[in-house]
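Coordinate analysis (summary)
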Amino acid sequence: MQYALLIYQAEEVMENWSEADLKEALTRHRSLQEKTKANNTFLLANELTPSGTATTVKRRAGKTTILDGPFAETKEHLVGLYVFDCKNLDEAIEYAQGIPNVDTGSIEIRPIAHYESLPAG
Amino acid sequence: MDELAVSLKTAYPRALATLIRLLSDIDAAEDILREAIARALEVWSREGVPGNPVAWLVTTGRNKAIDLQRRYTLEVRHSTTVRAEAGNNVTGESVTARPVAEAEASQHFDDDLLRLIFTCCHPALAQEVQVALTLKTIAGLTGPEIARAFLVPPKTIEQRITCAKRKIRDARIPYEVPTAAQVSERLDAVLAVTYLLFNEGYNASGSPELILTDLCIEAIRLARMLSRLFRAEPEVTGLLALLLLQRSRSGARLDTAGHIIPLDEQKRALGS
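Being a predicted model, the structure only gives us computed values, none of them experimental. (Residues numbered from 1 in each chain as written. Chains lettered and ligands numbered in written order. Predicted model: local features only at pLDDT ≥ 70, side-chain atom pairs only at ≥ 80, totals over all residues.)

Moving on, we get to the overall build of chain B. Within chain B, the secondary structure is distributed over 11 helices and two strands. Shown N-terminal to C-terminal, the secondary structure of chain B runs as helices and strands in the order α-α-α-β-β-α-α-α-α-α-α-α-α. Counting across all 272 residues of chain B, residues that qualify as buried make up 37%. (Helix = DSSP H or I, 4+ residues; strand = E, 2+ residues; numbered from the N terminus. Buried ≥ 20, exposed ≤ 12 C-beta atoms within 10 Å, placed from the backbone.)

Here you go:
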């Protein structure tokens with residue numbers, strides 16, 4: 001089953017990272033990716049640019065509104081995500097603990113919905 | 001309770017735990033077990049309770065599952081293979097039903113019971129959900145009985161259990177005994193559930209009898225099993241000791257009419 005591991009983090013924490021912090025984080029990301037590529041569970045890893053670059057679009061009653069900023073004004077933002085193909089939730093929980101942000105932010109694990117075939121439409 | 005009812009109550013959690021492993025689905029296992037129990041009531045009252053009630057229920061349930069499988073699929077790959085429907089598969093593994101030999105049965109049943117307990121107490125489920133689910137599956141309590149123990153409406157309990165089963169299935173919470181590393185974060189919930197299970201037997205809410213000896217025995221059996229597995233954990237030993245101490249007074253707690261006797265009037269000689 002595919003799981004999305006969504007990384008939530010207060011952005012100022014990452015902005016204030018030292019060179020050494022950044023280097024350590026990258027090492028841990030690399031180690032997680034090497035491990036999961038080796039056992040064929042790795043599907044995707046992406047870091048998102050800061051929420052200051054976000055644009056939110058919605059349409060209500062035919063009127064489109066385009067807004068500056070992320071969907072929710074919260075302290076912690078979605079800063080990146082991984083997708084793994086795991087045999088069960090415990091394996092996903094194990095990988096979540098390999099993501100450096102687990103120490104300062106939170107990792108939300110969400111199974112990716114799967115349909116045998118999409119409804120015709 | 002007569003012998004037949006006691007045997008069924010005692011066999012229920014182990015039979016359910018094994019059927020869940022064989023069928024990879026809690027709801028399917030509960031449905032199948034309900035049918036097997038209906039059959040047991042018929043056969044056992046005629047021929048007596050079999051030597052190994054759990055094995056009897058599992059074998060009957062497994063055969064019913066194979067019948068259902070035959071009815072719903074045109075092609076059965078192998079006559080003894082029960083494949084769970086893709087969407088209902090808890091572990092994601094295909095499942096092979098094996099004949100349940102009496103000799104091998106009891107160890108498997110213990111392992112399955114442990115799998116069931118730790119799945120129900122998985123940290124990805126909220127603690128009140130863990131407890132409700134465990135009382136439903138392990139203790140075989142009904143929604144209203146659990147609701148009374150928690151002082152919430154029965155509907156709330158049913159919703160908690162339904163949500164829990166959906167999460168177990170959709171997020172694929174594994175049906176496995178946890179690794180040593182996972183034990184520390186999960187054992188507390190298992191102990192809390194064991195304690196509540198004993199409590200329900202010690203001071204029964206959903207039964208005309210005040211003490212349900214079976215539930216107490218089941219809770220103590222669980223505590224013993226946990227203490228065998230987690231010898232180094234003082235909390236487990238402590239809980240087992242507490243349950244045994246309370247259980248030892250059970251012969252002295254009620255008078256012949258079934259009313260409670262206050263502690264200072266209980267006859268110590270009736271302790272066991």
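Looking now at the packing of helix H8 (residues 180-202) of chain B against helix H10 (residues 234-248) of chain B. Residues and elements named next belong to chain B. Close contact between H8 and H10 brings their axes to 11 Å; oriented N to C, the two are set at 5 degrees. On the basis of the axis angle, H8 is roughly parallel to H10. Of the residues in H10, those touching H8 at Leu191, Thr194, Tyr195, Phe198 and Tyr202 are Glu235, Val236, Leu239, Leu243 and Gln246. Across the contact of H8 with H10, the residue classes break down as seven nonpolar, two polar and one charged. (Axes fitted to C-alpha atoms, helices over the stretch in contact; angles between N-to-C directions. Parallel < 35°, antiparallel > 145°, perpendicular 65-115°, else oblique. Contact = placed C-beta atoms within 7 Å. Nonpolar A, V, L, I, M, F, W, Y, C, P; charged D, E, K, R; others polar.)

A word on the interface of chain A and chain B. Contacts between chain A and chain B engage six residues on the former and eight residues on the latter. Of the residues contributing to the side of chain A that touches chain B, the split by class is three nonpolar, one polar and two charged.

The next subject is the nonpolar core. Counting 79 residues, the largest nonpolar core has Leu5(A), Leu19(B) and Leu197(B) as its most contacted members. It is helix H1 (residues 3-23) of chain B that contributes the most residues to this core, 10 residues altogether. (Core = buried A, V, L, I, M, F, W, Y, C linked by C-beta atoms within 7 Å.)

Another aspect to go through is the environment of Ile173(B). Tracing the backbone through its elements, the reader meets Ile173(B) in the loop between helix H7 (154-170) and H8. Ile173(B) sits in the buried class, given 23 other C-beta atoms within 10 Å. Separated by 13 residues in sequence, Ile173(B) and Arg160(B) place their C-alpha atoms 16 Å apart. Each residue touching Ile173(B), except ones within four places of it in the same chain, is listed here: Asn88(A), Leu89(A), Thr119(B), His122(B), Ala124(B), Lys167(B) and Ile168(B).

This next bit is on H8(B). All names here are of chain B. In a regular helix each residue adds 1.5 Å, so 23 residues correspond to 33 Å; H8 covers 32 Å between its end C-alpha atoms and thus fits that length. At Arg186, H8 shows its largest kink, close to 50 degrees. Burial in H8 covers these residues: Ala189, Val190, Leu191, Val193, Thr194, Leu196, Leu197, Phe198, Glu200, Gly201 and Tyr202. (Expected span 1.5 Å × (residues − 1). Bend = angle between axes of the 7 residues up to and from the residue.)

Turning our attention to the sheet that holds strand S5 (residues 76-85) of chain A. Residues and elements named next belong to chain A. Sheet architecture is open: four strands sit in the order S2-S5-S1-S6, paired in antiparallel fashion. Unpaired on one side and paired on the other, strand S2 (42-47) and strand S6 (106-111) mark the two borders of the sheet. Taken over all neighbouring pairs, the strand axes of this sheet differ in orientation by 20 degrees on average, direction set aside. When S2 meets S5, the two strands line up antiparallel, connected through five bridges. Following the sheet pairing, Leu44 is matched in S5 by Val83. (Pairing = 2+ DSSP bridges.)

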